[in-house]
Amino acid sequence: MHSRSSIQTWLGQGKRQMLSLFLAEPCPLCQRSTSAVLCSGCCRQVRQCQASTPCDRSIPDLTVLSWGRYEDSLRQAIGSLKYSGHTGLAQFLGTELGQTWLDHNPRSRAGAGPVAIVPIPLHPTRLQQRGFNQADLIGQWFCRLTGLPLHSRSLLRVQATQAQHSLDRLSRQQNLAQAFAVAPAQLKTLRQSTVWLLDDIFTTGATAQSAALALRRSDIAVEGICTVARPTVWETSTASKKTSTLG
Ligand SMILES: [Zn+2]
């Protein structure tokens, strides 16, 4: 039989072990134990991917505001969030993107009316497979910092699309042409706002343009898209050469 003190010691150890389980998760990028979302080394490495100018290009009719370059540790962090289910990374990425919004204040260009943040939705089948929409999770932390309203169920993905990276540009546009629809119940609210879309990565702009088209067809104003990452080299065929005056 255990003595009272050995039971207390055992309980004390158990409590510490329990606590350490909560406090020291493995870092999703390097597996070192850390009490934060990312260990300090990986956090530094991801921040090295931050773009010096978050908004240096626009695609036609859409301003693009991105936190960082899609390379190295940022690429790894986004992959870890999406494909390994490390949803805690959405907090880090969404907060960093939110800070970029606050620093560059693109709201001033949006004209009259409140800003509504609309995450790019996943098709229900993809959502079921993954269990979450990374754009929605990033948007939650983005909106927590900026105080802007998140409209998660306003835009619907009505058509499953093939993986975009496997298609050329024309096929991508055709693939996305009818991919989105606006939820009827949200029309009134969104018509009183200026929409900024939000996504994890900006690639060619085909997804953003297709989502913007669906909203504009419903008489909803769309100003731009905020993304955590953008390509290191822009496809000149999709990005206009115009340098944005934002910031
Ligand atoms: Zn790490």
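Residues numbered from 1 in each chain as written. Predicted model: local features only at pLDDT ≥ 70, side-chain atom pairs only at ≥ 80, totals over all residues.

Engineer: What is the right way to look at the overall build of the protein in this model?
Structural biologist: Secondary structure summary: the protein contains nine helices and nine strands in total. Classification of the 247 residues of the protein by burial places 40% in the buried group. Taking the contacts inside the protein whose residues are at least 6 apart along the sequence as the reference set, 75% of them involve residues at least 24 apart. (Helix = DSSP H or I, 4+ residues; strand = E, 2+ residues; numbered from the N terminus. Buried ≥ 20, exposed ≤ 12 C-beta atoms within 10 Å, placed from the backbone. Contact = placed C-beta atoms within 7 Å.)

Engineer: I'm lost on the packing of helix 2 (residues 40–47) against helix 3 (residues 72–83) in this one. Help?
Structural biologist: A packed helix pair is summarised by two numbers, namely the angle formed by the two axes and the spacing between the axes. Following both chains from N to C, one finds helix 2 and helix 3 inclined at 110°, their axes separated by 7 Å at the closest point. As the angle between them shows, helix 2 and helix 3 are arranged roughly perpendicular. Here helix 2 and helix 3 pass one another in a crossing that is left-handed. Residue-level contacts link Cys-42, Gln-45 and Val-46 of helix 2 to Asp-72, Ser-73, Leu-74 and Ala-77 of helix 3. Taken together, the residues of the contact of helix 2 with helix 3 break down into four nonpolar, two polar and one charged. (Axes fitted to C-alpha atoms, helices over the stretch in contact; angles between N-to-C directions. Parallel < 35°, antiparallel > 145°, perpendicular 65-115°, else oblique. Left-handed = near helix turned anticlockwise from the far one by under 90°. Nonpolar A, V, L, I, M, F, W, Y, C, P; charged D, E, K, R; others polar.)

Engineer: Before we go on, may I ask you to explain the nonpolar core in this structure?
Structural biologist: Soluble, globular proteins show a tendency: their nonpolar side chains are buried together. Membership of the largest hydrophobic core comes to 56 residues, with the highest contact counts inside it found for Ile-138, Val-195, Leu-197, Leu-198, Ala-211 and Leu-215. If we skip the residues at most four places from it in the chain, Val-195 touches Ala-116, Val-118, Leu-190, Leu-215, Ile-220, Ala-221, Val-222 and Glu-223. (Core = buried A, V, L, I, M, F, W, Y, C linked by C-beta atoms within 7 Å.)

Engineer: Mind showing me how you'd approach the environment of Asp-200 here?
Structural biologist: Checked against the element boundaries, Asp-200 lands in strand 8 (residues 194–201). Between the alpha carbons of Asp-200 and Leu-137 there is a distance of 9.7 Å; along the sequence they are 63 residues apart. The residues contacting Asp-200, other than those within four sequence positions of it, are Ile-78, Lys-82, Gln-134, Ala-135, Ile-138, Thr-227, Val-228 and Ala-229.

Engineer: Would you mind going over the confidence of the model for the protein with me for this structure?
Structural biologist: As a note on interpretation, predicted positions should not be read in detail where pLDDT is low. Looking at the protein, the pLDDT average stands at 84 and 76% of residues meet or exceed 70. Predicted confidence in the protein is weakest over helix 1 (residues 4–23), with a mean pLDDT of 56, and strongest over helix 6 (residues 134–146), with 98. (pLDDT = per-residue confidence, 0-100.)

Engineer: So what exactly am I meant to see when it comes to helix 3 here?
Structural biologist: Side chains three or four residues apart in an α-helix point the same way, a direct result of the helix having 3.6 residues per turn. Here helix 3 spans 16 Å end to end across 12 residues, near enough to the 16 Å set by a 1.5 Å rise per residue. Within helix 3, burial applies to Ser-73, Leu-74, Ala-77, Ile-78, Ser-80, Leu-81 and Lys-82. Considering only its buried residues, helix 3 is in contact with helix 2, strand 4 (62–69), helix 4 (89–104), helix 6, strand 8 and strand 9 (221–230). Backbone geometry just after helix 3 places Gly-85 at a positive phi near 70°. (Expected span 1.5 Å × (residues − 1).)

Engineer: Would you explain helix 4 in this entry?
Structural biologist: Taking 1.5 Å of rise per residue, the 16 residues of helix 4 would be expected to cover 22 Å, and the 23 Å separating its terminal C-alpha atoms lies within 8% of that figure. If you check which residues of helix 4 are buried, you get Leu-89, Ala-90, Phe-92, Leu-93, Gly-94, Glu-96, Leu-97, Gly-98, Thr-100 and Trp-101. Contacts made by the buried residues of helix 4 are with strand 4, helix 3, helix 6 and strand 9. Looking at the residues trailing helix 4, positive phi occurs at Asn-105, about 45°.

Engineer: Sorry if this is basic, but what is going on with unusual backbone geometry here?
Structural biologist: Note: most residues except glycine have negative phi, and most peptide bonds are trans. Despite not being glycine, Gln-31 has its phi angle at roughly 70°, a positive value. A positive phi is found at Asp-219, a non-glycine position, where the angle reads about 65°. Secondary-structure assignment places Asp-219 in the loop between helix 9 (206–217) and strand 9. We classify Asp-219 as exposed; it has 10 C-beta atoms within 10 Å.

Engineer: What am I meant to see in the pairing of strand 8 here?
Structural biologist: Successive side chains on a regular strand alternate, one facing one side of the sheet and the next facing the other. The buried count for strand 8 comes to six of eight residues, which makes it a mostly enclosed element. Bridge count for strand 5 (residues 115–119) against strand 8 is five bridges, and the pairing is parallel. Each residue of the ladder has a partner; that of Pro-119, found in strand 8, is Leu-198. (Pairing = 2+ DSSP bridges.)

Engineer: Help me understand the environment of Asp-72 in this model?
Structural biologist: In this structure, Asp-72 sits in helix 3. In this structure the C-alpha to C-alpha distance between Asp-72 and Gln-45, which are 27 residues apart in sequence, comes to 8.3 Å. Excluding residues within four positions of it along the chain, Asp-72 makes contact with Gln-45 and Cys-49.

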